[in-house]
Amino acid sequence: MGVMTQGLRNRGVRLAGVLAAAVLAGVGGGGASRLTGEAGATSWSAADKAAMAERVKGEMLVAWGGYKKYAWGHDEFRPLSQTPRDWYKRTLLMTPVDALDTLILMGATEQADEARELIATKLDLDLDDDVKAFEINIRLLGGLLSSYQLSGDKRLLALADDLGRRLLPVFESPTGLPYVYVNLHTGKASGTDTNPAEMGTYLMEFGTLSKLTGKPIYLEKAKRAVTELYARRSKLDLVGQGMDSATGKWTNTESHVGGCIDSYYEYLLKSAILLDDSDCRKMWDASVAGVNRYVADERGGELWYGVSDMNTGKHLRSECGALDAFWAGALALGGDVPRAARAQDAYFKVWNLHGIEPEETNYAEMKALVPSYVLRPEIVESTFYLSRFTSDPKYLDMGKTMFDDLEKYCRVEHGFAALKSVVTHEKEDQMESFFLAETMKYYYMIYAPAETLDLSKAVLNTEAHPLRRTW
Ligand code: DMJ
């Protein structure tokens, strides 16, 4: 299922002195043996949580240090060969832009300042190349906006406005549904073979940009795209996983909550919250009801979400991916904590199959279908939301189990490496920028004081960039 590469406050409060003391004392917290989801939760003191947050921050600084030493000024750091990688003809500073708000929230002031200065002085958006608008929007535009809100550095807002203007041509299709690519220099948009996630994941960033610049066009274009997409849902209120954006016709009618669809649902809910948009709220309410009715798969007392036909509701396959795991967090944010908790247990069962999660799994047979792990955040993201909304220490244990596994299998000298296989644990020379934007941020936020990110004031985009309603 899905395109696997696509893949959703206040200034960070520094952790108190107790934190450093706890680390020095070697307090680990949640020292339980491997948590399977069934075991009773261990108790966590404030010092335990502070120590765990500091441990995550330490690893974030290792990954940032690897980028700084071997890939400074480029898009990504390749952690095995210790070489840089750029996505296009030249750099768009993907890792620094993605990492900056994580560094700010962690109180890593020196590193945040060096990242912000690099971006403000060196990010050149006038790139004569076709870029994937979805990725550039969620990573770069989202990162620039959140870092502007957290730092007050107006140079970041100017860059965001420049980038938004360069992305706008993607909406000039016959339907208003976005093209896939845009040349950031010429403004030529191209590519119509797309999906709901890529078409429906603009409104948070474009809405925020409109509010912060006073230019309504950004919000108007992104809202129209979502509305056009929703209008093409099936009678069961489901969407498929493939569409031609020029014709608005479905090219694939398989429905699920994973890659190619995931962040479309996420942005209906989060745009409703961030922009106080009642249309988006209605679209989310109808969509989540359809998914819970036709995509949910009750199996042996467990709640799974599989693959169904968008028109008939027929269950097609018992498969889920690492990307699907965001769904538990979305359910929790939408107010359905009971279903969220059950879905999270199911995704955590997949994690425990091999001690780290595969990209795709047949959950009926509990068998990895695509065995890679690219340092994805989604299951950590859902752990964060459930921890916040339930205060159940079970989720602190769960986060620690996963972080232990991450360190065990993925840590290398100057960062973290993806895995070619969660079965053999063979590593891949890749550390995606979302690892610093999302995975490390969510791990940190599970244990950091709640004031570090006030969920009543901020909404995280699909790349974990927090956007605040300052307007
Ligand atoms: C991220 O870029 C975003 O979370 C996106 O919505 C999905 N894929 C990656 C992380 O897995």
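The coordinates are above.
Here's what I pulled together on the structure shown here. (Residues numbered from 1 in each chain as written. Predicted model: local features only at pLDDT ≥ 70, side-chain atom pairs only at ≥ 80, totals over all residues. Heavy atoms only, no water.)

### Remarks on the sheet that holds strand S16 (residues 367-370)
Then, in step 1: The three strands lie next to each other as S14-S15-S16, forming an open sheet whose pairing is antiparallel. The open sheet has two free edges, formed respectively by strand S14 (319-321) and S16, since each of these has just one partner strand. The mean inter-strand angle of the sheet, taken between neighbouring strand axes irrespective of direction, is 30°.
Then, in step 2: Across three bridges, the pairing between S14 and strand S15 (residues 360-362) is antiparallel. By the bridge assignment for S15, Glu319 is matched with Asn362. (Pairing = 2+ DSSP bridges. Helix = DSSP H or I, 4+ residues; strand = E, 2+ residues; numbered from the N terminus. Axes fitted to C-alpha atoms, helices over the stretch in contact; angles between N-to-C directions.)

### Thoughts on unusual backbone geometry
Then, in step 1: Phi at Gln82 is positive, roughly 55°, even though this residue is not glycine.
Then, in step 2: By secondary structure assignment, the location of Gln82 is in the loop between strand S1 (76-78) and strand S2 (83-85).
Then, in step 3: One non-glycine residue with positive phi stands out, namely Asp276, at about 50°.
Then, in step 4: With respect to the helices and strands, Asp276 occurs in the loop between helix H10 (262-274) and helix H11 (278-295).

### Observations concerning helix H12 (residues 326-333)
Then, in step 1: The element H12 is extensively covered by neighbouring structure, given that seven of its eight residues are classed as buried.
Then, in step 2: Within the sequence span of H12, burial applies to Phe326, Trp327, Ala328, Gly329, Ala330, Leu331 and Ala332.
Then, in step 3: Where H12 is buried, its residues meet H10, H11, strand S11 (302-305), helix H13 (337-354) and helix H14 (378-390).
Then, in step 4: Remark: Gly335 follows H12 within two positions and exhibits a positive phi of approximately 105°. (Buried < 20%, exposed > 50% of the residue type's maximum accessible area, 1.4 Å probe, protein only. Contact = heavy atoms within 4.5 Å.)

### Things to note about the packing of helix H3 (residues 94-105) against helix H5 (residues 133-151)
Then, in step 1: Between H3 and H5, the shortest axis-to-axis distance is 9 Å and the interhelical angle comes to 35°. Between H3 and H5 the crossing geometry is left-handed. Judged by residue contacts, Met94, Val97, Asp98, Leu100, Asp101, Ile104 and Leu105 of H3 engage Ile136, Arg139, Leu140, Gly143, Leu144, Ser146, Ser147 and Leu150 from H5.
Then, in step 2: Taken together, the residues of the contact of H3 with H5 break down into nine nonpolar, three polar and three charged. (Left-handed = near helix turned anticlockwise from the far one by under 90°. Nonpolar A, V, L, I, M, F, W, Y, C, P; charged D, E, K, R; others polar.)

### Let's talk about the pattern of salt bridges
Then, in step 1: Applying the stated rule across the entire model yields 37 salt bridges.
Then, in step 2: Measuring nitrogen to oxygen at the nearest pair gives 2.7 Å for the salt bridge that ties Lys441 to Asp101. Of this pair, Lys441 sits in helix H16 (residues 433-447) while Asp101 sits in helix H3, and the two are 340 residues apart along the sequence.
Then, in step 3: Under the relative-accessibility criterion, Lys441 is labelled buried at 2%.
Then, in step 4: Accessibility expressed as a relative area gives 0% for Asp101, which makes it buried.
Then, in step 5: Residue Lys400 pairs with Asp404 through a salt bridge whose shortest N-O separation is 3.0 Å. Of this pair, Lys400 and Asp404 both sit in helix H15 (residues 394-410), four residues apart, which is roughly one turn of that helix.
Then, in step 6: Given a relative accessible area of 13%, Lys400 falls into the buried group.
Then, in step 7: Where salt bridges share partners, they join Asp113, Arg116, Glu117, Asp153 and Arg155 into one cluster. (Salt bridge = Lys/Arg side-chain N within 4 Å of Asp/Glu carboxyl O.)

### Brief notes about the side chain of Ser387
Then, in step 1: Mapping Ser387 onto the fold places it in helix H14.
Then, in step 2: On the basis of relative accessible area, Ser387 is assigned to the buried category, the value being 11%.
Then, in step 3: Excluding residues within four positions of it along the chain, Ser387 makes contact with Asp392, Tyr395, Leu396 and Ile446.

### Here's the deal with the sheet that holds strand S12 (residues 307-309)
Then, in step 1: Read across the open sheet, the three strands follow the order S9-S12-S13; overall the sheet is antiparallel. Where the open sheet ends on each side, the last strands, each with one partner, are strand S9 (254-255) and strand S13 (315-317).
Then, in step 2: In the sheet, S12 pairs with S13 via two bridges, with the strands oriented antiparallel. Within S13, the residue paired with Val307 across the bridge is Arg317.

### Brief notes about the nonpolar core
Then, in step 1: Leu92, Tyr265, Tyr305, Trp327 and Tyr347 are the most contacted members of the largest nonpolar core, which totals 146 residues.
Then, in step 2: Here Tyr347 is in contact with Val257, Tyr305, Cys320, Asp324, Ala325, Trp327, Ala328 and Ile379, once residues within four sequence places are set aside. (Core = buried A, V, L, I, M, F, W, Y, C linked by side-chain atoms within 4.5 Å.)

### Quick notes on the environment of Pro338
Then, in step 1: Turning to its location among the elements, Pro338 is positioned in helix H13.
Then, in step 2: On the basis of relative accessible area, Pro338 is assigned to the exposed category, the value being 59%.
Then, in step 3: Expressed as a C-alpha distance, the spacing of Pro338 and Leu386, which sit 48 residues apart in the sequence, is 10.0 Å.

### Side note on the packing of aromatic side chains
Then, in step 1: In the structure shown here, the tally under the stated rule is 22 aromatic pairs.
Then, in step 2: Considering the side-chain rings of Phe171 and Phe206, the 5.5 Å spacing of their centres and the 75° angle between planes classify their relative orientation as edge-to-face. Within this pair, whereas Phe171 is found in the loop between helix H6 (154-167) and strand S4 (181-183), its partner Phe206 is found in helix H8 (residues 203-213), the two being separated by 35 residues in sequence.
Then, in step 3: Residue Phe171 is classed as buried on the basis of its relative accessible area of 3%.
Then, in step 4: One aromatic cluster is present, formed by Tyr264, Tyr265, Trp284, Tyr305, Phe326 and Trp327 through successive ring pairs.
Then, in step 5: Seen from the ring of Tyr230, Arg233 lies directly overhead, with NZ or CZ sitting 3.9 Å from the centre. (Phe/Tyr/Trp six-rings, centres within 6.5 Å; stacked < 30°, edge-to-face > 60°. Lys NZ or Arg CZ within 6 Å of the ring centre and 35° of its normal.)

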